[in-house]
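In case you want the letters, here they are:
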Amino acid sequence: MTKMLIVFLLVSYLVIGVIFLFMPKRLTKQEIYITWFVVTVQALIADIFWGEILDLYDLIKADGDLLIDLIIQISLPAFFGILYMNFMPRERNKFIVYFVFWVAFSVAYETLAVFVGYIHYKGWNFWYTTLFYMYACLFMRWHYWFIRKVIKSDSMS
């Protein structure tokens with residue numbers, strides 16, 4: 001791992017940790033737990049399918065599998081997913097602006113991850129990234145609605 005990649009990862013965790021520490025919590029502990037699991041599973045499935053099976057990209061280009069990569073995959077996407085859901089507006093017009101911001105942010109963050117060497121494209125490209133994050137943000141909108149509905153109906157039974 002290069003120094004630049006280590007700094008990128010440390011700064012990412014530091015910034016997101018500070019945000020988590022001080023953000024107003026709009027999600028319940030149960031919603032955070034469910035979201036952590038769902039985002040982690042989605043990230044792992046996407047990386048296995050797109051990165052391993054189709055071989056369109058590598059994460060942390062190095063010989064062999066790295067434990068650090070697994071740790072990153074079960075934490076960083078989940079942190080971002082929870083942040084996204086925590087501040088997601090309910091109103092449609094506000095959501096559209098929020099959606100565009102998060103897709104742009106995600107694409108920019110991945111571009112930086114490519115620059116520092118965390119991701120190495122081998123067939124993947126900017127447009128696939130954009131489409132993937134559009135899907136992910138819309139899925140998270142549905143996920144938010146779904147878990148709120150399920151938790152509410154469970155508490156009423």
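Here, the structure is the one placed above.
Remember, predicted model here, so these are calculated numbers, not experimental data.

Trainee: Quick rundown of the pattern of salt bridges? Include the residues and the values.
Mentor: The full count for this structure, using the stated rule, is three salt bridges. Note that Lys-122 and Asp-55 form a salt bridge whose closest N and O atoms lie 2.5 Å from each other. Here the residue Lys-122 occupies a position in the loop between strand S2 (119–121) and helix H6 (126–156), and Asp-55 occupies one in the loop between helix H2 (29–53) and strand S1 (57–59), the gap between them amounting to 67 residues. Looking at Lys-122, the relative accessible area reads 36%, which means it is partly exposed. Residue classification places Asp-55 among the partly exposed residues on the basis of a relative accessible area of 37%. As a salt-bridge pair, Asp-58 and Lys-122 come within 3.1 Å of each other at their nearest N and O atoms. Taken together, the residues Asp-58 in strand S1 and Lys-122 in the loop between S2 and H6 connect sequence positions 64 residues apart. When salt bridges that share partners are traced, they join Asp-55, Asp-58 and Lys-122 into one network.

Scoring rules and cut-offs
- Residues numbered from 1 in each chain as written.
- Predicted model: local features only at pLDDT ≥ 70, side-chain atom pairs only at ≥ 80, totals over all residues.
- Heavy atoms only, no water.
- Salt bridge = Lys/Arg side-chain N within 4 Å of Asp/Glu carboxyl O.
- Helix = DSSP H or I, 4+ residues; strand = E, 2+ residues; numbered from the N terminus.
- Buried < 20%, exposed > 50% of the residue type's maximum accessible area, 1.4 Å probe, protein only.

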